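Residue strings, one per chain:
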Amino acid sequence: MSTSAVFLGLAAFVGSVYVVVVVGGGTLIGHTGSPSVLLSVLATTVVALAFQRVQTELERLTARWSPGGVRPYDVLSHFADEVTGADSSHGLPERMAMLLAQGTGAEWTQVWLNVSGRATLAASWPPDVDVDRTPPSFGHENAVVTPTGSRTLPVRQGRQLLGVLRLQERPGLALTRIEERLFAGLAAQAGLVLKRVALRAELDDRREELLVRSAEISASRERLIETQDTERSRLERDLHDGAQQHLVALTVNLRLAHTIVERSPRRAAVILTEQADAALMAIETLSTLSRGIYPRQLADEGLGSALRAGIVGSAMSVRIEGHELGRLPAAVEAALYFSCMEAVQNATKHSNATSVSVRLDENQNRWRLTVTDNGIGFNPRDATVATGAGLANMRDRMDAIGGAVEVSSSYGGGTTVTTVVPRSDASDTVAPGSRPISVAV
């Protein structure tokens, strides 16, 4: 039916041109006999130049107004019906793009969403056509029309920009006023729906972030458990091989002194005198062991003093810069201390550096510790380095208190390890001092 209508329309167009140009023109110039060759050539030229455009327009009109065709304002009614569906956000951008293309006869259409401030392509129609995927600018308040026939119209709800509708006109076929009103009407109706779709997209993004974060936390907990088991085994071994041996010997000798005190008081006195040295050695062994677990100076004097004591005897020059911090929460001090010592130890073992600088600073939002060496550096994207035990330990400690670790390095440019801990409650800390730290070893 539509093909016949197009054929009849083209025939009428050709006949009309012939009548107007050849017959009407011949009458005007007084040539009423046989058709003028010049006017016939002119009529043929007009038909040839306009034939394709007229054919396209006729196909466009018959598609809309023939039975089963899509009339421009049918689009709005169809869209309104779909919006009232049970769960209209599923697949709605695709249907919106399809209806917009059918209603305007555009070469292609797109629906863009504003998801967390960035333009995200939600749908395009036809789906298999290569279209311009350059994100539109969200800075325009009104419709934008480019010289190439691309039209962009923002979709808003109140003052909130939810997205944009974009279409590409067919070459030589600009939108009619009715189609422009259709375009604007669809944008006006799409606000509530695009808001729902954008919220769903944001929730999906957030869900993916939470899944990734959950996996990281699970892996971190597994590493912490493994580390705790390893440390427990090491502690048991050190106690057995070190302090326990001294304490067992002390117990045996004290019993011996008790046994012989009546028979040989002098010998018992000698044994007891010797046990004083044995007790001091046991105390020293336990003290050394405890410093390896949690430095006493960290608990008594804070992070700055513990770091100064911890770097004494380092194999390279280590300098602490910045300003003395006040007392921090115990968990923060421990995490920063052990992360710093881990970074310094890694630099000593692997970087071939000659010096390391440690800088402490804070503001009202966070505490930060930065360890920088002048070593050979490495590629931070190297999976072997990125997943090494040293960095993993630091990340685990930071994860446990909500902090973060950032590593910056380049070949020949040294390495910088930065640990940052957010301040959740400034009242937990003592006011920082102003005495600068400047220690070199």
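Provided above is the structure to which this section pertains.
Summarised in this report is the structure supplied together with it.

So, how was this worked out
Residues numbered from 1 in each chain as written. Predicted model: local features only at pLDDT ≥ 70, side-chain atom pairs only at ≥ 80, totals over all residues. Heavy atoms only, no water. Helix = DSSP H or I, 4+ residues; strand = E, 2+ residues; numbered from the N terminus. Buried < 20%, exposed > 50% of the residue type's maximum accessible area, 1.4 Å probe, protein only. Areas by Shrake-Rupley, 256 points an atom, 1.4 Å probe, with all protein chains shown as cover. Pairing = 2+ DSSP bridges. Contact = heavy atoms within 4.5 Å. Axes fitted to C-alpha atoms, helices over the stretch in contact; angles between N-to-C directions. Phe/Tyr/Trp six-rings, centres within 6.5 Å; stacked < 30°, edge-to-face > 60°. Expected span 1.5 Å × (residues − 1). Salt bridge = Lys/Arg side-chain N within 4 Å of Asp/Glu carboxyl O. Core = buried A, V, L, I, M, F, W, Y, C linked by side-chain atoms within 4.5 Å. Polar contact = N/O pair within 3.5 Å; in protein donor to acceptor, adjacent residues only side chain to side chain. Patch = residues over 30% accessible without salt bridge, like charges linked within 9 Å, V, L, I, M, F, W, Y side chains within 5 Å. Parallel < 35°, antiparallel > 145°, perpendicular 65-115°, else oblique. Left-handed = near helix turned anticlockwise from the far one by under 90°.

### A short note on the overall build of the chain
Across its full length, the chain carries twelve helices and eleven strands. Looking at the chain residue by residue over its 441 residues, the buried ones come to 36%. Of the roughly 25,500 Å² of accessible surface on the chain, a fraction of 57% belongs to carbon and sulfur atoms.

### Focus on the sheet that holds strand β3 (residues 144-145)
Strand order in the open sheet formed by five strands is β2-β1-β5-β4-β3, with antiparallel pairing between adjacent strands. Two strands in the sheet have a free side with no partner beyond their single neighbour: β2 (118-125) and β3. Both strand β1 (residues 108-115) and β2 contribute to a ladder of seven bridges, which runs antiparallel. From the neighbouring strand, V111 faces β2, where its bridge partner is A123. The strands that helix α4 (residues 92-104) touches are β1, β2 and β5 (160-168); relative to β2, the one it contacts most, it runs at about 60°.

### Brief notes about the packing of aromatic side chains
Per the counting criterion, the structure on display carries one aromatic pair. Taking the centre distance of 5.1 Å and the plane angle of 80° together, the rings of Y337 and F338 count as edge-to-face. Y337 sits in the buried class, given a relative accessible area of 9%.

### Points about α4
Under the 1.5 Å per step criterion, the end-to-end length of α4 is 18 Å for 13 residues, consistent within 8% with the ideal 18 Å. Along α4, the residues that are buried comprise L92, P93, M96, A97, L99, L100, A101, G103 and T104.

### Here we look at the pattern of salt bridges
Scanning the model with the defined rule gives eleven salt bridges in all. Put simply, E216 and R213 hold a salt bridge, and the shortest N to O gap is 3.5 Å. Taken as a pair, E216 and R213 lie in helix α6 (residues 191-260) at a separation of three residues, close to a single helical turn. Here R213 falls in the partly exposed class, since its relative accessible area comes to 35%. The residue R213 makes a salt bridge to D399 at a minimum N-O spacing of 3.7 Å. Residue R213 is located in helix α6, and its partner D399 is located in helix α12 (residues 389-400); the two are separated by 186 residues in the primary sequence. What makes D399 partly exposed here is its relative accessible area of 26%.

### Examining the nonpolar core
One finds L303, L307, L336, Y337, V358, L369 and V371 to be the most contacted residues of the largest nonpolar core, which totals 36 residues. Elements with a contribution of two residues or more to this core: α9 (303-310), β6 (317-322), α10 (330-350), β7 (355-362), β8 (366-373), α12, β9 (404-409) and β10 (415-422). For L369, the residues in contact, after removing those within four places along its chain, are L307, L336, C340, V358, R359, L360, V417, T418 and T419. In this structure, L92, M96, L113 and L162 belong to the second largest nonpolar core, which totals 22 residues.

### Considerations on the side chain of R423
With respect to the helices, strands and loops of the structure, R423 is situated in the loop between β10 and β11 (439-440). Under the relative-accessibility criterion, R423 is labelled buried at 17%. Among the polar contacts made by the side chain of R423, one reaches the side chain of E362 at a distance of 3.1 Å. Within the structure, the side chain of R423 is placed 2.9 Å from the backbone oxygen of N363, a separation counted as a polar contact.

### Observations regarding a nonpolar patch on the surface
Together, Y18, V19 and V23 make up a nonpolar patch on the protein surface, roughly 260 Å² of accessible area in all. With respect to the secondary-structure elements, V23 resides in helix α1 (residues 2-28). For V23, a relative accessible area of 45% puts it in the partly exposed group.

### With respect to the packing of α4 against helix α5 (residues 177-189)
One way to put it is that α4 packs onto α5 with a least axis distance of 9 Å and a crossing angle of 165°. Comparing their axes, α5 and α4 come out roughly antiparallel. Both α4 and α5 take part in a crossing whose hand is right-handed. Across from M96, L100, G103 and T104 in α4, the residues of α5 making contact are E179, L182, F183 and L186.

### A word on unusual backbone geometry
In this structure, the amide linkage connecting W125 to the following residue, P126, adopts the cis form with an omega of 0°. Tracing the sequence through the fold places P126 in the loop between β2 and β3. A positive phi angle, close to 60°, is found at N352, a residue other than glycine. Relative to the assigned elements, N352 resides in the loop between α10 and β7.

### Some details on the pairing of strand β4 (residues 150-157)
Counting buried residues along β4, six of its eight residues qualify, which places the element largely inside the surrounding structure. Relative to β4, β3 runs antiparallel, the two sharing two bridges. Bridged to V145 within β4 is R151. Both β4 and β5 contribute to a ladder of eight bridges, which runs antiparallel. Opposite Q157, over in β5, you have Q160 as the bridge partner.

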